[in-house]
Amino acid sequence: MTRSTGPARPGHALRAPVATRSNAVPAGAWWLWALGLATAASRTTNPLLLGLLVGVAGYVVAARRTDAPWARSYGAFVKLGLFVVAVRVVFSVLLGSSVPGTHTLFALPEVPLPDWAQGVRIGGRVTGEQLVFALYDGAKLATLLICVGAANSLANPARLLKSLPGALYEVGVAVVVAMTFAPNMVADVARLRTARRLRGRPSGGIGAVLQIGLPVLEGALERSVAVAASMDARGYGRTAQVPPAVRRTTHLLTLGGLLGVCAGTYGLLAAQGAAHGLPLLLAGLAAALAGLRLGGRRSVRTRYRPDHWGVRAWLVAASGPAVAAAMIWAGAADPDALRPGVVPLVAPVLPLWPAAAVLIGLLPAVVAPLPGVVTPPASPSDSKELT
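Residues numbered from 1 in each chain as written. Predicted model: local features only at pLDDT ≥ 70, side-chain atom pairs only at ≥ 80, totals over all residues. Heavy atoms only, no water.

Q: Hey, could you go over helix 3 (residues 74-95) for me, with residue numbers and the actual values?
A: Its 22 residues place the ends of helix 3 31 Å apart at the C-alpha level, agreeing with the 32 Å of an ideal helix rising 1.5 Å per residue. After helix 3 finishes, the residue Gly96 shows a positive phi value of roughly 80°. (Helix = DSSP H or I, 4+ residues; strand = E, 2+ residues; numbered from the N terminus. Expected span 1.5 Å × (residues − 1).)

Q: Residue-level account of the packing of aromatic side chains, with values.
A: Counted according to the given criterion, the structure contains 3 aromatic pairs. Taken together, a centroid distance of 4.9 Å and an interplanar angle of 50° make the contact between Trp309 and Trp314 tilted. Among the residues examined, Trp309 registers a relative accessible area of 30% and is labelled partly exposed. On the basis of relative accessible area, Trp314 is assigned to the exposed category, the value being 52%. (Phe/Tyr/Trp six-rings, centres within 6.5 Å; stacked < 30°, edge-to-face > 60°. Buried < 20%, exposed > 50% of the residue type's maximum accessible area, 1.4 Å probe, protein only.)

Q: Can you tell me about the environment of Val316, naming the residues and giving the values?
A: Tracing the backbone shows Val316 in helix 10 (residues 311-333). Sequence separation between Val316 and Gly361 is 45 residues; the distance between their C-alpha atoms is 8.4 Å. Excluding residues that lie within four positions of it along the chain, Val316 makes contacts with Val25, Ala29, Trp30, Trp33, Pro364, Val367 and Ala368. (Contact = heavy atoms within 4.5 Å.)

Q: Could you give an account of a nonpolar patch on the surface, with specific residues and numbers?
A: A cluster of nonpolar side chains, Val90, Phe91, Leu94, Leu95, Val111, Leu113, Val120 and Ile122, forms an exposed patch at the surface whose accessible area comes to about 660 Å². When residues in the nonpolar patch are grouped by element, the largest group, 4 residues, is from helix 3. Its place among the elements puts Leu94 in helix 3. On the accessibility criterion, Leu94 (42% relative accessible area) is partly exposed. (Patch = residues over 30% accessible without salt bridge, like charges linked within 9 Å, V, L, I, M, F, W, Y side chains within 5 Å. Areas by Shrake-Rupley, 256 points an atom, 1.4 Å probe, with all protein chains shown as cover. Salt bridge = Lys/Arg side-chain N within 4 Å of Asp/Glu carboxyl O.)

By themselves these figures say nothing about function.
Below, the structure written as structure tokens:
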């Protein structure tokens with residue numbers, strides 16, 4: 001595998017260093033940044049702010065992603081987000097909505113339902129307020145998916161697994177495999193479609209999808225077997241002898257801490273429990289960290305070349321939560337700007353200082369090291385495309 005500096009990318013003029021093994025941004029920092037943007041998206045239905053969040057995530061991905069297989073999945077997440085918006089609108093048209101409206105666009109034949117299905121309808125009148133509400137709601141969910149896709153494109157899954165605490169290695173394997181399935185599947189589909197086009201065969205349509213599906217599943221199975229064999233050869237899963245009292249204390253602290261984090265997060269997001277949310281969240285974090293620290297004693301594995309969290313990594317990790325905090329504060333100060341009404345139907349307005357806060361999410365495009373171009377070795381699976 002070779003690495004070169006590659007072509008200039010957005011932000012190159014800002015003289016950011018080229019990423020190496022020692023100064024690359026850890027995968028956890030990218031996920032904290034992306035989850036912060038996703039949290040900010042969950043606080044608003046303003047399409048202008050949601051579009052700004054998508055633009056920020058897309059710019060950072062374009063500026064700092066590599067050409068590794070997992071980095072090619074961002075486009076698939078964008079398409080998935082558009083599909084979610086379309087499905088949300090179709091369901092609103094077919095199944096109706098609780099949003100009252102006066103601007104009738106058209107009417108569908110309504111299917112009569114029995115008495116036990118009161119409150120549910122199929123067909124009927126479709127209003128402009130109903131469609132706008134469905135668009136806002138679908139755009140919020142699509143933005144969440146796109147932010148997760150940005151983390152998948154920027155974070156190295158292997159490095160994310162390596163940086164997990166010792167008490168979470170077993171769970172971490174399942175999580176990392178789940179997160180890498182979509183990027184690897186997208187890369188396999190793109191590679192096989194390219195092979196079909198080079199051979200003069202159609203790469204679209206139901207027939208092509210059916211012929212590509214088997215090699216994709218075969219490649220996924222081969223990767224799973226190879227990962228399992230390599231983990232078994234390296235002694236993965238060996239644990240140290242831990243007294244039962246320590247094990248029970250670990251479980252109690254970890255589970256109680258996670259419950260405290262969930263309750264504290266809900267308190268911060270809910271207006272009624274905001275006063276008690278922060279102390280409960282901090283107490284839950286402290287208990288969970290103590291449980292993870294105590295549970296790490298049962299792991300006897302060591303880390304080879306652990307990730308280094310420098311100033312650039314902390315800036316990347318902090319930019320996402322900063323956007324989320326600003327959006328939560330804006331929601332408490334001016335909720336109408338973040339959630340434009342649809343009854344009466346009015347055009348959304350871009351609030352200035354929440355929009356400026358969203359731009360903090362562009363910080364990784366400035367401070368993160370420039371990625372090099374990774375040239376992977378030739379894979380024998382490229383020739384497994386069905387004839």
